[in-house]
Amino acid sequence: MQAYPEYAVKLGARYGKEVDKIQIIGGQKLVNPKIYHDFTQTLVHVFRNTVAHGIETIEERLEAGKEEKGKIQCEIIENQEGFIVRIADDGRGIDIDKIKKLAVTKNIIDQETAMKLSDEEARKLILADGFSSAAYADEIAGRGVGLYAVQKEVEKLGGRVEIESHVGMGTEFSFILPLLTAI
């Protein structure tokens, strides 16, 4: 995970965005790296999506009354169950109506189901296989496999994903994982 802060800054520059260097805080407990390796490798997709879809351009941020540089935080919180990896940004947030429309267009769900979804269920559509909100795919993002891969790794570990988001304010991913000691 130590490579992600610099990666996010470089990726932001590639997309014409300014991103503050990410600080990874918490997580003093030692874990078996073999058990969590695949999960931590898939987190690159969360950082990609945060930069590509969440953080706005400098112009958009200034128009919204925000600082030029987008902020991304990564925190590891220990709890009774195990630990939580929380990745949050101060970007544009998730537009639930847009997500529902895209999911219907991509045949992930039908219109009737989309209308019945709670906000939490609608946000989780971004984890579906094949879901992407990108207008086009490039070599970095837009193919609809990244967040699905993260979801699958979390499930393999017996964990769960929670997503909080507010339009114009940002998005927070929480990966709640058990503390496993054997493979």
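Refer to the structure printed above.
Residues numbered from 1 in each chain as written. Predicted model: local features only at pLDDT ≥ 70, side-chain atom pairs only at ≥ 80, totals over all residues. Heavy atoms only, no water.

A look at the environment of Tyr7
What counts here: The helix and strand labels rest on DSSP assignments: H or I over at least four residues marks a helix, E over at least two residues marks a strand, and numbering proceeds from the N terminus. Only protein chains enter the accessibility calculation, which uses a 1.4 Å probe; a residue is then buried when its area is under 20% of its type maximum, exposed when over 50%, and partly exposed in between.
Tracing the sequence through the fold places Tyr7 in helix α1 (residues 4-14). Residue classification places Tyr7 among the partly exposed residues on the basis of a relative accessible area of 25%. Once the C-alpha coordinates of Tyr7 and Arg48 are considered, the two residues, 41 residues apart in sequence, prove to be 8.9 Å apart.

As for helix α7 (residues 146-156)
The following threshold applies: By definition, the arc is the one covered by directions from the helix axis to the C-beta atoms. Any two residues whose heavy atoms approach within 4.5 Å at even a single point are treated as in contact.
Gly146, Leu147, Val150, Gln151, Glu153 and Val154 are the residues of α7 that are buried. All buried residues of α7 project into a common sector of 165° when viewed along the axis, lining one side. Elements in contact with the buried residues of α7: α2 (33-54), β6 (160-166) and β7 (170-178).

Quick notes on the pattern of salt bridges
What counts, and what does not: Think of a salt bridge as a Lys or Arg side-chain nitrogen and an Asp or Glu carboxyl oxygen that are within 4 Å of each other.
By the definition in use, this model includes 16 salt bridges. Salt-bridge contacts for Glu56 lead to Lys66; the nearest nitrogen and oxygen are separated by 2.7 Å. With Glu56 in the loop between α2 and α3 (58-63) and Lys66 in the loop between α3 and β3 (69-70), this residue pair connects regions lying 10 residues apart in the sequence. Residue class for Glu56 comes out buried when judged on its relative accessible area of 5%. Each of Asp20, Glu67, Lys69 and Lys71 takes part in a single network of salt bridges with overlapping partners.

Digging into the packing of aromatic side chains
Counted only if it meets this: Working definition: a ring pair exists when centres of Phe, Tyr or Trp rings (six-membered ring for Trp) sit within 6.5 Å. Plane angles under 30 degrees give stacked, over 60 give edge-to-face, the rest tilted.
With the rule as written, the count across this model stands at four aromatic pairs. Between Phe39 and Phe175, the ring centres sit 5.7 Å apart and the planes meet at 65°, which makes this aromatic pair edge-to-face. Placement of the pair is Phe39 in helix α2 and Phe175 in strand β7, with a sequence separation of 136 residues. Take Phe39 and Phe175: they sit in the same class, and that class is buried.

So, the pairing of β7
Put simply, the rule is: Think of it this way: DSSP has to see at least two bridges between two strands before they count as a pair.
With respect to burial, β7 is a largely interior element, eight of its nine residues being buried. Sheet topology note: the strand β5 (residues 82-89)/β7 ladder contains seven bridges and is antiparallel. By the bridge assignment for β7, Gly82 is matched with Pro178. Pairing between β6 and β7: seven bridges, direction antiparallel. The residue of β7 that forms the bridge with His166 is Gly170. Connecting β6 to the next strand, β7, in antiparallel fashion are three residues, including Gly168 with a positive phi near 85°.

Some points on a negative patch on the surface
What counts here: Here a patch means residues that are over 30% exposed by relative accessible area and free of salt bridges, tied together within 9 Å if like-charged and within 5 Å if nonpolar (Val, Leu, Ile, Met, Phe, Trp, Tyr). To be clear on the numbers: accessible area is Shrake-Rupley with a 1.4 Å probe, and residue cover counts the displayed protein chains and nothing else. Under this rule, positive means Lys or Arg and negative means Asp or Glu; His and the chain ends count for nothing. Charged side chains are reduced to one point each, which is NZ for Lys, CZ for Arg, CG for Asp and CD for Glu.
A grouping of Glu18, Glu59, Glu63 and Glu68 is seen on the molecular surface, where their side chains present a negatively charged patch. Topologically, Glu63 is positioned in helix α3.

Some points on the packing of α2 against α7
As a reminder, the rule being used: A fitted line through C-alpha atoms serves as each axis, taken over the contacting stretch for helices, and the angle formed by two N-to-C directions is quoted from 0 to 180°. Should the near helix be turned anticlockwise from the far one by less than a right angle, the crossing is termed left-handed; should it be turned clockwise, right-handed. In this classification, the charged set is Asp, Glu, Lys and Arg, the nonpolar set is Ala, Val, Leu, Ile, Met, Phe, Trp, Tyr, Cys and Pro, and all remaining amino acids, among them Gly, are polar.
At a minimum axis separation of 8 Å, α2 and α7 run at an interaxial angle of 150°. For the pair α2 and α7, the sense of crossing is left-handed. Every residue of α7 that contacts α2 at Asp38, Phe39, Thr42, His45, Val46 and Asn49 is listed here: Gly146, Leu147, Ala149, Val150, Glu153 and Val154. Of the residues assigned to the contact of α2 with α7, the class counts are six nonpolar, four polar and two charged.

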